[in-house]
Amino acid sequence: MSYIEEIVDLVKKRNPGEYEFHQAVEEVLTSLEPLLDRHPEYWEEKILERIVEPERVVIFRIPWMDDRGEYQINRGFRVQFNSALGPYKGGLRFHPTVNLGIMKFLAFEQVFKNSLTTLNMGGGKGGSDFDPKGKSDNEVMRFCQSFMTELYRHIGPDTDVPAGDIGVGAREIGYLFGQYKRIANEFTGVLTGKSVGWGGSLIRPEATGYGAVYFAEEMLKTRGDSIKGKTCVVSGSGNVAQFTTQKLIHMGAKPVTLSDSNGFIHDPDGINEEKLAFVMELKNIKRGRIREYAEKYGVPYYEGERPWSIACDAAFPSATQNEIDRDDADTLVRNGCILVSEGANMPTTLEGVDVFLNAGILYGPAKAANAGGVATSGLEMSQNAMRLSWSADDVDRRLREIMTAIHRACASAAEEYGHPGNYVMGANIAGFKKVAEAMLDQGLV
Ligand code: NDP
Ligand code: 2IT
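Residues numbered from 1 in each chain as written. Chains lettered and ligands numbered in written order. Predicted model: local features only at pLDDT ≥ 70, side-chain atom pairs only at ≥ 80, totals over all residues. Heavy atoms only, no water.

Draft legend 1. Representation of the site of ligand 1. Near ligand 1 there are 26 residues, and of these D165, T208, S261, R289 and N345 occur at the shortest range. Contact between ligand 1 and V240: an oxygen atom at 2.9 Å from a main-chain N or O atom of the residue. The separation between an oxygen atom of ligand 1 and a polar side-chain atom of R289 is 2.5 Å. For ligand 1, whose accessible area on its own is 880 Å², the fraction buried by protein is 84%. (Near = heavy atom within 4 Å. Polar contact = N/O pair within 3.5 Å; in protein donor to acceptor, adjacent residues only side chain to side chain. Areas by Shrake-Rupley, 256 points an atom, 1.4 Å probe, with all protein chains shown as cover.)

Draft legend 2. Expanded view of a nonpolar patch on the surface. A grouping of M65, Y71 and I73 is seen on the molecular surface, where their side chains present a nonpolar patch of about 360 Å² in accessible area. One can find I73 in strand β2 (residues 71-82). We classify I73 as exposed; its relative accessible area is 57%. (Patch = residues over 30% accessible without salt bridge, like charges linked within 9 Å, V, L, I, M, F, W, Y side chains within 5 Å. Salt bridge = Lys/Arg side-chain N within 4 Å of Asp/Glu carboxyl O. Helix = DSSP H or I, 4+ residues; strand = E, 2+ residues; numbered from the N terminus. Buried < 20%, exposed > 50% of the residue type's maximum accessible area, 1.4 Å probe, protein only.)

Draft legend 3. Spatial organisation of helix α7 (residues 137-151). Compared with the 21 Å implied by 1.5 Å per residue over 15 residues, the 20 Å span of α7 between its first and last C-alpha is a close match. The set of residues buried in α7 consists of E139, V140, F143, C144, S146, F147, M148 and L151. Packing partners of the buried residues in α7 comprise β1 (56-65), β2, β3 (88-94), β4 (123-128), β5 (160-163) and α8 (170-184). (Expected span 1.5 Å × (residues − 1). Contact = heavy atoms within 4.5 Å.)

Draft legend 4. A look at the sheet that holds strand β9 (residues 263-266). Spatially, 3 strands are ordered β8-β9-β10 in an open sheet, and the strand pairing comes out antiparallel. Of all the strands in the sheet, just β8 (257-260) and β10 (301-303) have a single pairing partner and so form its edges. Mean inter-strand twist for the sheet, computed between neighbouring axes without regard to direction, equals 15°. In this sheet, β9 lies alongside β8 in antiparallel orientation, the contact comprising 4 bridges. Along β9, the bridge assignment pairs D260 with G263. (Pairing = 2+ DSSP bridges. Axes fitted to C-alpha atoms, helices over the stretch in contact; angles between N-to-C directions.)

Draft legend 5. Spatial organisation of the site of ligand 2. Taken together, 14 residues lie around ligand 2, and K89, K113, D165, R204 and S377 are the ones closest in. Between an oxygen atom of ligand 2 and a side-chain N or O atom of K125, the distance comes to 3.1 Å. S377 is positioned with one of its side-chain polar atoms (N or O) 2.5 Å from an oxygen atom of ligand 2. Notes on ligand 2: free accessible area 300 Å², of which the protein chains cover 94%.

Draft legend 6. Seen up close, the packing of aromatic side chains. Going through the model one piece at a time under the given rule, you end up with 24 aromatic pairs. When the centroid spacing of 5.4 Å and the interplanar angle of 85° are considered together, the rings of W64 and F130 count as edge-to-face. Residue W64 is found in strand β1, and its partner F130 is found in the loop between β4 and α7; the two are separated by 66 residues along the sequence. Take W64 and F130: they sit in the same class, and that class is buried. (Phe/Tyr/Trp six-rings, centres within 6.5 Å; stacked < 30°, edge-to-face > 60°.)

Draft legend 7. Main features of helix α6 (residues 100-116). For α6, spanning 17 residues, the distance from its first C-alpha to its last is 25 Å, which sits close to the expected 24 Å at 1.5 Å a residue. For α6, the side-chain oxygen to backbone nitrogen distance between the N-cap and G101 is 3.1 Å, and the N-cap itself is N99. At the C-terminal side of α6, T118 shows a positive phi close to 80°.

Draft legend 8. Geometry of a negative patch on the surface. Together, D325, D327, D330, E351 and D354 make up a negatively charged patch on the protein surface. Among the secondary structure elements, those contributing two or more residues to the negative patch are α13 (326-334) and α14 (350-359). (Lys, Arg positive; Asp, Glu negative; His and termini not counted. Charge placed at Lys NZ, Arg CZ, Asp CG, Glu CD.)

Draft legend 9. Summary view of the environment of W308. With respect to the element layout, W308 can be found in the loop between β10 and β11 (314-316). On the basis of relative accessibility, which here comes to 1%, the residue W308 falls in the buried class. Sequence separation between W308 and L119 is 189 residues; the distance between their C-alpha atoms is 34 Å. With sequence-adjacent residues up to four places away left out, W308 is seen in contact with V233, S235, A315, P317, E323, I324, D328, T331 and L332. A distance of 2.9 Å separates a polar side-chain atom of W308 from the backbone oxygen of E323.

And the structure:
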């Protein structure tokens, strides 16, 4: 057994049942062999053993009362994985599937993603198994207040700065911020993704989706190609899917699908600005189902299916983890897909990733392709610290520069370590190296 296999094995044994965490660790560590060959100090000083262990995990009870006056109890998490590069930074997810393994996979990914952003942020993630679906605004508010009543003692603008993720958008960030401010008696940049009227950054809502398309464009440039005119399949219909779709439209591509956990719609004419506005209202305000798009525009809706069977040039998975398995990846490649840019975190299984790499398509893994969201959160933190706000053009320009820099870092690491064009190797090596060097500098941490 190789050293890396031993560590992966150890992680599986020490963290039983945390399958998503095992998968994320395996994906990162198996990329690192050529790096470790050149840096014996990493294994001599047990960097791998240290880096797979979160610095701190907090698990807490969230009692709240529903509209009928009934007691409800949820579980809250904050995984503070690594602070070598800066304060812990990463989103909060509210979804019934949330458990410790999912929180740890997301926090672990976040460490290397944040390292790639060129900014100084450590990695963390949190959330709850609370299901916001079907809850009233008042219920969501009471839940958020109870969640923050415990979380506030673990976070701070120089300690840990949460943001949104699945089920946590502007509404939830508002309620969470309000409660933090009451308890701490401080108006400070303790959360990102705030509304622009009270400390949020322009372009933060757009940033993850826009960034995923910018990353796609950078990958295509290496083959003298561009996203213009490409038929694109998008999954999800939340924050990341909406702004991926918007940027695709702006750049002259043709997005043809959107989905939610019930099914997907296929609009062969392409989703345009007007139809996207309908989706935004449907999802962000009415909180309805994507099926209603099919009813309104008379296009097919596929109940219980994902959109990967639709022929496309490019795919933008933007819903959730493991939404593309080996068969889906095979289908995409067989139907002519030449690019995958991951807006969601770990949307492709390890077997699916192998299919993309073996086919030699442009495959942008999540920690690189969706880093624009957290990068713009980093820009929000800078603006908060300076107590000023940058214009939308300014933030968008910085976002684009950051995505270009991330692409360059991944491409050159892949090249330098003998796997040109392999963005998985590139992202993992470049992301890991910066964290490992910081840990070495900081002594036994
Ligand atoms: P939202 O809550 O806004 O939207 C999530 C979308 O994905 C919804 O359409 C939802 O459908 C669908 N979805 C969620 N869970 C599942 C599931 N188990 N099966 C099928 N569909 C599902 O979240 P975001 O758009 O913010 O997040 C989407 C992905 O992007 C996640 O993987 C997240 O971690 C990642 N990400 C988000 C960033 C951000 O800035 N927001 C940054 C980087 C990555 P339904 O409404 O039916 O639940
Ligand atoms: O997965 C992610 O990078 C996010 N959900 C965004 C995190 C952030 O702090 O903006």
